[in-house]
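# Commentary on secondary and tertiary structure
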Amino acid sequence: MANLIRAFEQRFLLGIEKLDTDHRKFVDLVNQLECSEKKTFIKLYPLLTKHISEHFMAENSLMAESGYSGIHEHIDEHQRVLNELNRIGEMVSNGSVSMGRTYVIDHLPNWFEHHSRTMDSSLAAHLKSRGFATV
Ligand SMILES: [Fe+2]
Ligand SMILES: [Fe+2]
C-alpha cells in the first residue's frame, strides 16, 4: 500500500525545530497506521491522538508566549481536530477500525498539508520574527 505522505517533504519544513520534529513524527505515525493490521491500528491510534494533542498544546503555548494575533482561530482549529480524533478514537477502541482507517488515510494527510502550509506556516513566520526559531 502506498503511503500518502511518503516522507517528510522539504515543502513541509517551517524552520522551527520543535514544530518540524513534531510534524515529522506525525507523518511517521500516519504512515505506520496506514500500513498496519487491525490489531496494530487499534494500538497505534491512541499514540497518534496523544502525539497530536501534545503537539497542539506546545503550539498553543508558543502562541500565548509570543503574543500571536491569530491565536484564537488557531486554537479553535486544534480543538476541532482533537474532538474529531477523540470521536473516531472511541469507534476504533470499540473495534470499528474501518472508520479510523478512512479518517487517517483519506482525511488526515490532506488536513496536515493544509494546516501546516497555512496556520502553522503563519505561526512559524511570527515565531521567527520574535526570535523563537530554536524552541
Ligand atoms: Fe503543527
Ligand atoms: Fe497548528
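Please refer to the structure higher up on the page.
Computed from a predicted model, the values in this text were never measured in an experiment.

### Examining the overall build of the protein
Assigned secondary structure in the protein consists of five helices and zero strands. Rg of the C-alpha trace for the protein: 15 Å, near the compact-globule value of 14 Å for 135 residues, within the 12% margin. Summarising its shape, the C-alpha atoms of the protein cover approximately 45 × 25 × 20 Å along the three principal directions. For the protein, buried positions account for 24% of its 135 residues. Residue pairs at least 24 apart in sequence account for 72% of intrachain contacts in the protein once pairs closer than 6 positions are excluded.

### What to know about helix 2 (residues 38-66)
With 29 residues, helix 2 should reach 42 Å at 1.5 Å per residue; the first-to-last C-alpha distance of 42 Å fits that figure. Residue Leu-44 marks the point of greatest curvature in helix 2, where the axis turns by about 25°; the proline Pro-46 follows within four residues. For helix 2, the full list of buried residues reads Phe-41, Tyr-45, Leu-48, Ile-52, Glu-59, Leu-62 and Met-63. Buried residues in helix 2 make contact with helix 1 (17-35), helix 3 (71-93), helix 4 (97-117) and helix 5 (119-129). Gly-67 sits one or two positions beyond helix 2 and adopts a positive phi of about 65°.

### Section: the nonpolar core
If you look at the biggest cluster of nonpolar residues, it comprises 15 residues, and the most contacted ones within it are Phe-26, Leu-33, Tyr-45 and Leu-48. At the level of secondary structure, the elements contributing two or more residues to this core comprise helix 1, helix 2, helix 3 and helix 4. Filtering out sequence-adjacent residues up to four positions away, Tyr-45 remains in contact with Leu-33, Gly-89, Val-92 and Gly-100. Counting nine residues, the second largest nonpolar core, distinct from the first, contains Ile-16, Leu-19, Leu-62 and Ala-124.

### Remarks on helix 4
The first and last C-alpha atoms of helix 4 sit 29 Å apart over 21 residues, in line with the 30 Å expected at 1.5 Å per residue. In the structure, helix 4 departs most strongly from a straight axis at His-107, where the bend amounts to approximately 40° and where the proline Pro-109 lies between one and four residues downstream. For helix 4, the complete set of buried residues consists of Gly-100, Tyr-103, Val-104, Leu-108, Phe-112 and Ser-116. Buried residues in helix 4 make contact with helix 1, helix 2, helix 3 and helix 5.

### Overview of the environment of Glu-113
Its location among the elements puts Glu-113 in helix 4. Residue classification places Glu-113 among the partly exposed residues on the basis of 15 C-beta atoms within 10 Å. The spacing of Glu-113 and Phe-12 is 101 residues in sequence and 7.7 Å in space, taken between C-alpha atoms.

### Looking at the packing of helix 1 against helix 2
Following both chains from N to C, one finds helix 1 and helix 2 inclined at 160°, their axes separated by 10 Å at the closest point. Taken together, the axis directions place helix 1 and helix 2 in an arrangement best described as roughly antiparallel. Judged by the twist between their axes, the crossing of helix 1 over helix 2 is left-handed. Side by side, helix 1 and helix 2 meet where Lys-18, Leu-19, Asp-22, Lys-25, Phe-26, Leu-29, Gln-32 and Leu-33 of the first sit next to Phe-41, Leu-44, Tyr-45, Leu-47, Leu-48, His-51, Ile-52, His-55, Ala-58 and Glu-59 of the second.

So, how was this worked out
Residues numbered from 1 in each chain as written. Chains lettered and ligands numbered in written order. Predicted model: local features only at pLDDT ≥ 70, side-chain atom pairs only at ≥ 80, totals over all residues. Helix = DSSP H or I, 4+ residues; strand = E, 2+ residues; numbered from the N terminus. Rg over C-alpha atoms; globule rule 2.2 N^0.38 Å. Buried ≥ 20, exposed ≤ 12 C-beta atoms within 10 Å, placed from the backbone. Contact = placed C-beta atoms within 7 Å. Expected span 1.5 Å × (residues − 1). Bend = angle between axes of the 7 residues up to and from the residue. Core = buried A, V, L, I, M, F, W, Y, C linked by C-beta atoms within 7 Å. Axes fitted to C-alpha atoms, helices over the stretch in contact; angles between N-to-C directions. Parallel < 35°, antiparallel > 145°, perpendicular 65-115°, else oblique. Left-handed = near helix turned anticlockwise from the far one by under 90°.

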